[in-house]
Amino acid sequence: MSDEPQQQPGWAPRDPSVPDPDPDRGPGPDAPEDAPGKKKRPRRTGWRRLLPTWRMLLAAFLLVAVLLCGAFVAGYTMVKIPAANDTATAQSNVYLYADGTPLARDGEVNRENVQLSQVPKAIQHAVLAAEDRGFYGEPAVDPQAMIRAAWNTATGKGKQSGSTITQQYVKNYYLAQEQTVTRKVKEFFIAIKLNREKSKDYILEGYLNTSYFGRNAYGIQAAAQAYYGKDIEQLGAPEGAYLASLLNAPNAYDVATHPENRGKALGRWNYVLDGMVKEGWLKQAARTKITFPQPQQARPAAGLSGQRGYIVQAVEDYLTAHKVIDDETLNSGGYRITTTLDKPRQDAFVQAVEDNVMKKADAAKRRADRNVRVGGASIDPVTGKVVALYGGIDYTKQYVSNATRRDFQVGSTFKPFVFTAAVENGSTTQAGTPITPNTVYDGTNRRPVVGSAIPFAPENEDDVSYGNISVRTATDKSVNAVYAQLAVDVGPTKVKETAVALGLPEETPELNAYPSIALGVATASVLDMTEAYATLANHGKRGTYSLVEKISKNGEDLPLPQQETKQVVSRTAADTTTSILRSVVDGGTGAAAKAAGRPAAGKTGTAEEDKAAWFAGYTPDLATVVAVMGADPDTAVQKPLYGALGQDRINGGGAPAETWAQYTAAALKDKEAKEFDLEVEAGSEAPVVPPPVAPPVAPPPSEDTGGQRPGTDNGGAAADGGQQGGRTGGAAATGGDQGGGDNGGAAADGGNDTGGGPTGGNDGAAAADGGGDQGGGDNGGGDGGVPDPVGGLIGGGEQGRRPAADGNAPPR
């Protein structure tokens, strides 16, 4: 056969000179792929050449599937179910003072295993409703939930585990608590294997016995005893729902330890109960009747008695809040933690509270003394380190730390933040006058604020009216009418922003941008207030407080938050505030703080109904806050301090300021006293002479008060005329004779010879039938004093006053 191409019937080679009528037709038989009646696929050009074909995609998909299957098989084969971890014999954590002196050891793990049959069905269902409602009908792992949790964590929507109960049990019983990819991979495969080899009941029983519930309780039985003092078999759905809630955030949802988080805990508790109803485990009628089962006060280990337990609790909160470590990992033990606390100063704080408060309390003699509690904190303003912390009389007797709790009003200790905001923002009065310490305001009692969309007319303490008064004097006397208007002039939102910048947490309860913010209705903790005052002491520079110097385990250090100092308010704003707070100590309600023997600035404060008394102050070296609080030791309900420590009332210039002075003197005994180096705003130095001011006016006493009238600092009582005014006014035999004091003592029958004070005394009109001059304080006495037919002086200031007849008083 010839090698030449053979012609096929009906076909002849195309003449190249003739255009092809069918260019899409494939080549002739001289091309291998050509065939009669079949068209060739056009070649892709341009950007289309970069796209993979469907054959390539299919091949890639099959390859990935094979690899994943292979990886799964390899992982399932290689990962074995290990022996149980050593959590049951976990080490204690060791806490040290800054100098390495042992401070506390937090005890062994508390656990008592029970069988699943011992756990009531209602409690089992509560745990499932909280953690994994599809536990009995779903696989051991939930990849979709894991991917969703990883995405939420990566996008900042909160740290989530995405783990089923089986995975959580594997983590608790077989693995460590660290958040690593390796651990998660092991957890994944072990959970699948365990689910194939063990029953769901076995896994649920193990989970209930290994989970951490807070209060150092591991397992549902230990939790039942820790929170309700009963075995798990004695509890029902209400208690079970609360214990199940704790699994999400053990320490945060402990409403006895953190009463300020009660709302969040109740929200989680309701979520669990509603889930039980949705799953058919609880009838709606029964759900409606359920009330919250308040847990008992904690019973901490004896090794945490005294201040040790409070410090351990504060350190744990600090580490978890700053995401250094989570509470469950920390409670697994073995950590060595060096705090910033200075042992000599810590001991000095305890001694100061003992000398000025606890030695004066006699619960057997006075029922009110049962309610007395004390909280304190001290910070080095330059370093931001907490050098002393006082949580209460004894951690084993009063479990909630009075240093870190956020449920008592701070009263007038908040007022300096209002003034700082005024200077920081260059605020003016309604008339356009710049606000300085010498700016004059109307201190009339119940004066409605001007310029606020929210009506507000606060009462001054004891309903006293002051007339026109400077901001400096209004600070000394804690005049609510002045500071409410000042807050409106500055803007409540700016006041809140300044308070947060200085150191108060933005989520502080009742820290709302209303005119009432100036009265101290917010419930910041003692530690929060100390940080804010430390910022003022440091000329407006804030370094986030630190409580931990070092934390390590097995010789490896964990990273701690970096301490960064930032100018949060101007030096002028901070220093001008310091200047007016110095006058509070030098001659105002905080005079007791002068006993520290060095330059100091500070502010007294009283919560509503006298449920807490505060003194917040600082020297150039040290910022310290002391609060005396009232709370029933059995119910923890806040109580007024009337009659406590043998006094009619407790105020910030009394026991709190005295405790502050003794502690500060001891804490700084080895340091040379420093003067404040202040840069104040223009117009702060030379006082503006205010217009003539009428003596303060108060309502007549009620019939059941025996004629007692409010007085000023340490006013003495008259035998027949009520309480005398004046700074050191003494007792008058028949209603005012021999009244003394700096500003406004009155003599009998007109006060000619023995009236004391630079502006009181001579020619002051005496009250009919005795009772002394009206006024007291800076503007009392003088010619034309107002007679008072029932006797008794009317003075200003915080000390020595009685509450109103109905027992209520605004925060001061």
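Everything numeric in this text was worked out from a predicted model, so none of it was measured. All residue numbers refer to positions counted from 1 along the written sequence of the respective chain. Owing to the predicted nature of the model, reporting of local features is limited to residues with pLDDT of at least 70; listing and counting of side-chain atom pairs is limited to 80 or more, with chain, interface and lining totals taken over all residues. Hydrogens and waters are ignored; side-chain quantities use all the structure's heavy atoms.

Novice: What is the right way to read a nonpolar patch on the surface from this model?
Specialist: Patch membership requires more than 30% relative accessible area and the absence of a salt bridge. Residues of like charge join within 9 Å; the nonpolar side chains Val, Leu, Ile, Met, Phe, Trp and Tyr join within 5 Å. Each accessible area is a Shrake-Rupley estimate made with a 1.4 Å probe; only the visible protein chains count as cover when residues are assessed. Salt bridge criterion: a side-chain nitrogen from Lys or Arg within 4 Å of a carboxyl oxygen from Asp or Glu. Together, W54, L58, F61 and L62 make up an exposed nonpolar region whose accessible area comes to about 480 Å². Each helix is a run of H or I in the DSSP string that is no shorter than four residues. Each strand is a run of E no shorter than two, and both are numbered from the N terminus. Within the secondary structure layout, F61 lies in helix α1 (residues 54-78). Overall, the relative accessible area of 57% leaves F61 in the exposed class. Between buried and exposed lies partly exposed: a residue is buried under 20% and exposed over 50% of the maximum accessible area for its type, with that area taken using a 1.4 Å probe on protein chains only.

Novice: Help me understand the sheet that holds strand β2 (residues 102-105) in this model?
Specialist: The pairing of strands in a sheet comes from backbone hydrogen bonds and takes either a parallel or an antiparallel form. Only strands joined by at least two bridges in the DSSP assignment are considered to pair. With mixed pairing, five strands are arranged side by side in an open sheet as β2-β1-β5-β11-β12. Two strands in the sheet have a free side with no partner beyond their single neighbour: β2 and β12 (556-557). Here strand β1 (residues 94-96) runs beside strand β5 (residues 336-339); their pairing, made up of three bridges, is parallel. When the sheet's bridge partners are listed, L96 is paired in β5 with T338.

Novice: Looking at this structure, how should I read the pairing of strand β7 (residues 386-390)?
Specialist: Each regular strand carries side chains that alternate between the two faces of the sheet. Where burial is concerned, most of β7 is hidden: five out of the five residues are buried. Two strands pair when backbone bridges link them, and strand β6 (residues 372-379) and β7 are joined in this way by four bridges, in the antiparallel orientation. Considered in β7, the bridge of G376 is made with Y390. Between the antiparallel neighbours β6 and β7 lie six residues, among them G384 with a positive phi of about 75 degrees.

Novice: What should I look at first to understand helix α18 (residues 526-537) in this one?
Specialist: Because an α-helix packs 3.6 residues into every turn, residues spaced three or four apart end up facing the same way. A helix is expected to reach a length of 1.5 Å times the quantity of its residues less one. Look at α18: 16 Å from first C-alpha to last across twelve residues, which is about the 16 Å you get at 1.5 Å a residue. Most of α18 sits inside the fold, with twelve of its twelve residues counted as buried. The set of residues buried in α18 consists of V526, L527, D528, M529, T530, E531, A532, Y533, A534, T535, L536 and A537. Trailing α18 by a residue or two, H539 shows a phi angle of about 60 degrees, which is positive.

Novice: Any chance you could explain the pattern of salt bridges here in plain terms?
Specialist: Between side chains of opposite charge, a pair can form as their charged atoms come close. For the structure on display, the rule yields 23 salt bridges. For R582, the salt bridge identified is with E675, shortest N-O distance 3.9 Å. Note that R582 is positioned in helix α19 (residues 571-587) and E675 in the loop between α20 (655-667) and β17 (717-718), a separation of 93 residues in sequence. Residue class for E675 comes out exposed when judged on its relative accessible area of 57%. With a closest N to O distance of 3.5 Å, K674 and D621 form a salt bridge. Linking K674 in the loop between α20 and β17 with D621 in the loop between β15 (612-618) and β16 (623-630), this pair joins segments that are 53 residues apart in sequence. Exposure remark for K674: the relative accessible area of 46% places this residue in the partly exposed category. Each of the salt bridges in this network shares a partner with another, and the network as a whole consists of R571, D575, D677 and E679.

Novice: How do you make sense of the side chain of T436 when you look at a structure like this?
Specialist: Note that T436 resides in the loop between α14 (415-424) and β8 (440-442). You can call T436 buried: its relative accessible area is 9%. It only takes one pair of heavy atoms within 4.5 Å for two residues to be counted as in contact. For T436, the contacting residues outside a window of four places in its chain are F419, V471, E681, A682, G683 and S684.

Novice: It is not clear to me how the environment of F292 should be interpreted in this structure. Could you clarify?
Specialist: In this structure, F292 sits in the loop between α10 (284-289) and α11 (308-321). Along the chain, F292 and P238 lie 54 residues apart, while their C-alpha atoms are 6.6 Å from each other. Apart from residues no more than four positions distant in its own chain, F292 is found in contact with Y242, V255, R262, L266 and W269.

Novice: What should I look at first to understand the packing of helix α2 (residues 121-131) against helix α9 (residues 262-278) in this one?
Specialist: When two helices pack together, you describe them by how their axes are tilted relative to each other and by the distance separating the axes. Between α2 and α9, the shortest axis-to-axis distance is 8 Å and the interhelical angle comes to 110 degrees. The angle between α2 and α9 places the two elements in the roughly perpendicular class. From α2, A122, H125, A126, A129, A130 and E131 reach across to α9, where they touch R268, Y271, V272, G275 and M276. When residues are grouped by polarity, Ala, Val, Leu, Ile, Met, Phe, Trp, Tyr, Cys and Pro land in nonpolar, Asp, Glu, Lys and Arg in charged, and all others, Gly among them, in polar. Considering only residue class, the contact of α2 with α9 consists of seven nonpolar, two polar and two charged. What counts as an axis is a line fitted to C-alpha atoms, over the stretch in contact for a helix, and the angles between N-to-C directions run from 0 to 180 degrees. Each angle gets one of four labels, with under 35 degrees taken as roughly parallel, over 145 as roughly antiparallel, 65 to 115 as roughly perpendicular, and the rest as oblique.

Novice: Could you clarify how one ought to interpret unusual backbone geometry in this entry?
Specialist: Peptide bonds are trans in most cases, and residues, glycine excluded, mostly fall at negative phi. Even without being a glycine, D462 presents a positive backbone phi close to 60 degrees. Following the sequence through the fold, D462 ends up in the loop between β8 and β9 (468-470). The backbone of L645 shows a phi angle near 55 degrees, a positive value even though the residue is not glycine.

Novice: Can you walk me through the sheet that holds β6 in this structure?
Specialist: Here five strands make up an open sheet; going across it, the order is β7-β6-β16-β15-β14 and the pairing antiparallel. Each end of this open sheet is capped by a strand with a single partner; those strands are β7 and β14 (601-606). Pairs of neighbouring strands in the sheet enclose a mean axial angle of 5 degrees, with direction left out of account. The strands touched by α18 are β6, β7, β14, β15 and β16; relative to β6, the strand with the most contacts, the crossing angle is about 35 degrees.

Novice: I'm lost on empty space enclosed by the protein in this one. Help?
Specialist: Empty space left among the atoms is revealed by rolling a probe the size of a water molecule over them. A pocket, in this scheme, is an open set of points on a 1 Å grid over the protein atoms alone with protein on both sides within 12 Å along at least 5 of 7 lines, while a cavity is a set where a 1.4 Å probe fits but cannot get out; residues line either one if an atom lies within 4 Å of a point. Grid points are joined across faces, edges and corners, and a volume is the space filled by probe spheres set on the points. Throughout the structure, instances matching the rule amount to two cavities of 30 Å³ or more. Taken as a whole, the largest cavity spans an internal volume of roughly 50 Å³. Around the largest cavity, the lining residues are I379, D380, P381, G384, E531, A534, T535, K541, R542, G543 and Y545. Broken down by secondary-structure element, the contributors of at least two residues to the lining of the largest cavity are α18 and β10 (541-543). Of the residues in the lining of the largest cavity, the class split is four nonpolar, three polar and four charged. Empty space within the second largest cavity amounts to approximately 30 Å³. Forming the walls of the second largest cavity are M358, V372, R373, V374, Y390, G392, I393 and Q398. A total of three residues in the lining of the second largest cavity trace back to one element, the largest contributor, which is β6.

Novice: Help me out: how do you make sense of the packing of α14 against helix α16 (residues 480-490) in this one?
Specialist: Look at α14 against α16: their axes get within 9 Å of each other, and the N-to-C directions meet at 40 degrees. Handedness of the α14/α16 crossing: left-handed. Side by side, α14 and α16 meet where K415, V418, F419, A421 and A422 of the first sit next to N480, Y483, L486, A487 and V490 of the second. Handedness of a crossing follows from how the near helix is turned relative to the far one, being left-handed for an anticlockwise turn of less than a right angle and right-handed for a clockwise one.

Novice: Could you clarify how one ought to interpret the nonpolar core in this entry?
Specialist: Side chains of a nonpolar character, in soluble globular proteins, are inclined to be buried together. Formed by 92 residues in total, the largest nonpolar core has its most connected members in L319, I337, F414, F417, Y483, M529 and Y618. Discounting residues that sit within four places of it in the chain, F417 has contacts with T498, A499, L502, L504, M529, A532, Y533 and L536. In terms of nonpolar packing, the next biggest core, distinct from the first, is built from 55 residues, V141, I203, Y227 and W269 among them. Buried Ala, Val, Leu, Ile, Met, Phe, Trp, Tyr and Cys residues that are joined via side-chain atoms within 4.5 Å together make up what is termed a nonpolar core.

Novice: Is there a simple way to think about the pairing of β5 in this case?
Specialist: The pairing of β5 with strand β11 (residues 548-553) spans four bridges and is classified as antiparallel. The partner of T339 across the bridge, within β11, is V548.

Novice: Sorry, what's going on with the packing of aromatic side chains here?
Specialist: How two aromatic rings sit relative to each other is given by the distance of their centres and the angle of their planes. Working definition: rings of Phe, Tyr and Trp (its six-membered ring) pair if their centres are within 6.5 Å, and the pair is stacked with planes under 30 degrees apart, edge-to-face with planes over 60 apart, and tilted otherwise. In the structure shown here, the tally under the stated rule is 16 aromatic pairs. Each ring, one from Y242 and one from F292, has its centre 5.4 Å from the other, and the planes form 85 degrees; the classification is edge-to-face. With Y242 in helix α8 (residues 237-246) and F292 in the loop between α10 and α11, this residue pair connects regions lying 50 residues apart in the sequence. Judged by its relative accessible area of 0%, Y242 falls in the buried class.

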